Amino acid sequence: MPDFLALFTLAVLFTAALVYVSGCDRLKGSRR
Amino acid sequence: MLLNGWLQIALFIALILLLAKPLGSYMTRVFERRRTWLDPVLVPCERLLYRITGVDPDEEMRWTQYALAMLIFSAATLVLTYIIQRVQQFLPLNPQHLAAVAPDLAFNTAISFSTNTNWQAYTPETTMSYLTQMLGLATHNFWSAAVGIAVAIAFIRGIARREMKTLGNFWVDLTRGTLWVLLPISIVFALAFVSQGVVQNLKPYDTAKVLEPQHVTTTGTDGKSTTTVVTTQTIAQGPVASQEAIKNLGTNGGGFFNANGAHPFENPTPFTNLLEMLSIFLIPAGLTVTLGQMVGSPRHGWAVLAAMTLLWFVGVFTCFWAESQPNPLMHNVDQHASLTQSGGNMEGKEVRFGIASTALFATVTTDASCGAVNSMHDSFMPLGGMVPMVNIMLGEIVFGGVGSGMYGMLIFVILSVFIAGLMVGRTPEYLGKKIESFDVKMAMLYILIFPLVILGFTAVAVLMPNLGLSSLANHGPHGLSEILYAYVSSAGNNGSAFAGLNANTHWYNYSLGFTMFFGRFMMMIPMLAIAGNLAGKKIAPQTVGTFPVTTPLFTILLTSVIVIVGALTFFPALSLGPILEHLLLHAGHTF
């Protein structure tokens, strides 16, 4: 269970980072 | 503050300034894929790597693709390190038969090493096997440093290119940074360390018989005291020199031993101490020259290097001064510097380094996001200990981490140019590129994430006694400094610590893990977004109204912006920590 929790947390963090990339890109796109 | 100390400091910075140009020019050639003298050996290795991994080195990436590749690489290597730690008891090269690392500690350590932080909530020699140290941790010292350099080079390309949508190829930058820059320099430093007595072996730990048996009394959880007679001492061994070289060169900082650069097997002589400090600043200083050459304005690179040097000097002067002062509470002890003693505050410092080299190391390691230590920062005088903390709070841009220092500094350059533009009422331009609202929004995102995670998590730790305060050794303002330093160090990807805090708890392992992650990736992404946006812009011709970024005026403006942003953000927290502790020390209180 602790291994699952640690790996799940990592997956959430990297998914958040991907969403963040996409968010920044959209912010740039919306200006144009 | 003896003249001898100042001469050591002057020698150090003179060597850095001398080495910056040759290394910077070499890195320009490496990343522009021009010929270098190492090509006959390294080009075949590079081609082989691309063939195995299926990378097309000529493929160009948009900023989103570049960020995606960086995230995929970091995620894969991070998970690998987590797994190695969890199964190390089944793997070879574990002569001490060390058990698996606990899940929360493995989580923290995997993030720590992949984010170039090297925060260590454990004692390496009793926790990590040789295989884990080499395959799980030392590899990250190369990879995370190479990622930092790659991203900095992508940012520089963003400034240099015109009307292009791409920033280069992440895999090529990663490979070339590792093969051409980090690996050869590390080999040279590792050999120099071995020549000075740094150990490099895979032997089991030695056992030595102590000259005088020691009586050690411990109190158990049931309150009973037990006295043991200690007659032997375990002397840890290992492949130290190879890890020591990249630990400093890559501004990683994770020690092979718990005592880090204070351990005589890691840093045995004043000469190795000088080499270690040089290797910390070497690449960040060289990258300023690379910046100047790649954007076609060498003087801009020198102006940035001048700002870094100025901020470094203020830090080292303050730290050296603070640590040279006698402790006001020790009235009857001679604490003055003389030919026979260092004077000042020698608690937590190594006699072979003295006050000047310790203050210099502490400043250098926190200016850069290294975090290796040759002394215990927790034992510094309050204002002396504040210097490492402030250095990190400025954003790890005073030389800074390899790559991360450069792109962090460039964010402040953009902010400075923006402020200069506002002052004179013109559209700000940076080397011919107009700085527009998207660039400033992303720059502010970069700047705001840093204090947000630091102050947010520190507040939670301080307000939740069961989470943050239960593992704290000192209370009052010094206790706050210990907690604040932990989050500052993690967000800045530094990794040094005020060691009075036991951070190997569930709360600290997870919260500091989050802090390191946010301090690395959530700051890299808006920075890459700016780079992608800048690359697509046209170059506007220079006019009399263009703010020059090559002059002393620019250096002063840049330095002022960095100090003002740092002070506005962190002065309240500092005033409750080290500043209050300094005032109370002079009123007769210690913590």
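Asks: Is there a simple way to explain a nonpolar patch on the surface in this structure?
Replies: Residue and element names in this part refer to chain B. A contiguous nonpolar patch, built from V460, V462, L463, M464 and L467 and spanning about 400 Å² of accessible area, is present on the exposed surface. Broken down by element, the residue count for the nonpolar patch peaks at three residues, all from helix α14 (residues 437-463). With respect to the helices and strands, L463 occurs in helix α14. L463 gets classed as exposed once you look at its relative accessible area, which sits at 66%.

Asks: I tried to follow the interface of chain A and chain B on my own but got confused; where do I start?
Replies: Size of an interface, as often reported, equals the accessible area lost when the parts are brought together. Across the boundary between the two partners, chain A contributes 20 residues, which contact 33 residues of chain B. Summed over both sides, the interface between chain A and chain B buries roughly 2,300 Å², with carbon and sulfur atoms accounting for 77% of that surface. Our enumeration of links across chain A and chain B arrives at two salt bridges. For R62(B), the salt bridge is made with D25(A), and the minimal N-O distance between the two is 3.8 Å. For the pair chain A and chain B, the number of links is four residue pairs in polar contact (both at pLDDT 80 or more).

Asks: What am I meant to see in unusual backbone geometry here?
Replies: In most cases, non-glycine residues show a negative phi, while peptide bonds are predominantly trans. All names here are of chain B. Its identity as a non-glycine residue notwithstanding, H97 has a phi of 50°, on the positive side. Within the fold, H97 resides in the loop between α3 (63-86) and α4 (103-114). Of note, the phi angle at N116 is positive, near 65°, even though the residue is not glycine. Looking at where N116 falls in the secondary structure, it is placed in the loop between α4 and α5 (124-127).

Asks: I'm lost on the side chain of N509(B) in this one. Help?
Replies: Along the chain, N509(B) falls in helix α17 (residues 506-535). What N509(B) contacts, discounting residues up to four positions off in sequence, is D104(B), L105(B), F107(B), N108(B), A121(B), A503(B) and N504(B).

Asks: Explain helix α9 (residues 270-294) of chain B here, please?
Replies: In an α-helix there are 3.6 residues to a turn, and that puts residues three or four apart on one side. Residues and elements named next belong to chain B. The terminal C-alpha atoms of α9 lie 36 Å apart, and with 25 residues this matches the ideal 36 Å at 1.5 Å per residue to within 8%. Along its length, α9 reaches its greatest deviation from straightness, about 35°, at L282, and the proline P284 lies no more than four positions downstream. Within α9, 22 of the 25 residues are buried, which leaves it mostly tucked inside the rest of the structure.

Asks: I keep staring at the confidence of the model for chain B and nothing clicks. Help me out?
Replies: Interpretation of this model should avoid reading the predicted coordinates in detail wherever pLDDT is low. Residue and element names in this part refer to chain B. Summarising the model, chain B shows a mean pLDDT of 93, and 100% of its residues fall at 70 or more. Looking over chain B, one finds the lowest element-wise mean pLDDT in helix α15 (residues 465-469), namely 86, and the highest in helix α7 (residues 170-196), namely 97. Interface confidence in the predicted complex, given as ipTM, is 0.91; pTM for the same model is 0.94.

Asks: How should I be thinking about helix α18 (residues 552-576) of chain B in this particular structure?
Replies: All names here are of chain B. An ideal rise of 1.5 Å per residue puts 36 Å on 25 residues; α18 measures up with 35 Å between its terminal C-alpha atoms. In the structure, α18 departs most strongly from a straight axis at F570, where the bend amounts to approximately 55° and where the proline P572 lies between one and four residues downstream. Three or more residues of α18 are buried, namely F554, T555, L557, L558, T559, V561, I562, G566, F570, A573 and L574. Where α18 is buried, its residues contact α10 (298-324), α12 (382-393), α13 (404-424), α14, α16 (476-491) and α19 (578-586).

Each value, and the rule that gives it
- Residues numbered from 1 in each chain as written.
- Chains lettered and ligands numbered in written order.
- Predicted model: local features only at pLDDT ≥ 70, side-chain atom pairs only at ≥ 80, totals over all residues.
- Heavy atoms only, no water.
- Patch = residues over 30% accessible without salt bridge, like charges linked within 9 Å, V, L, I, M, F, W, Y side chains within 5 Å.
- Areas by Shrake-Rupley, 256 points an atom, 1.4 Å probe, with all protein chains shown as cover.
- Salt bridge = Lys/Arg side-chain N within 4 Å of Asp/Glu carboxyl O.
- Helix = DSSP H or I, 4+ residues; strand = E, 2+ residues; numbered from the N terminus.
- Buried < 20%, exposed > 50% of the residue type's maximum accessible area, 1.4 Å probe, protein only.
- Contact = heavy atoms within 4.5 Å.
- Buried area = accessible area lost by both parts, 1.4 Å probe.
- Polar contact = N/O pair within 3.5 Å; in protein donor to acceptor, adjacent residues only side chain to side chain.
- Expected span 1.5 Å × (residues − 1).
- Bend = angle between axes of the 7 residues up to and from the residue.
- pLDDT = per-residue confidence, 0-100.

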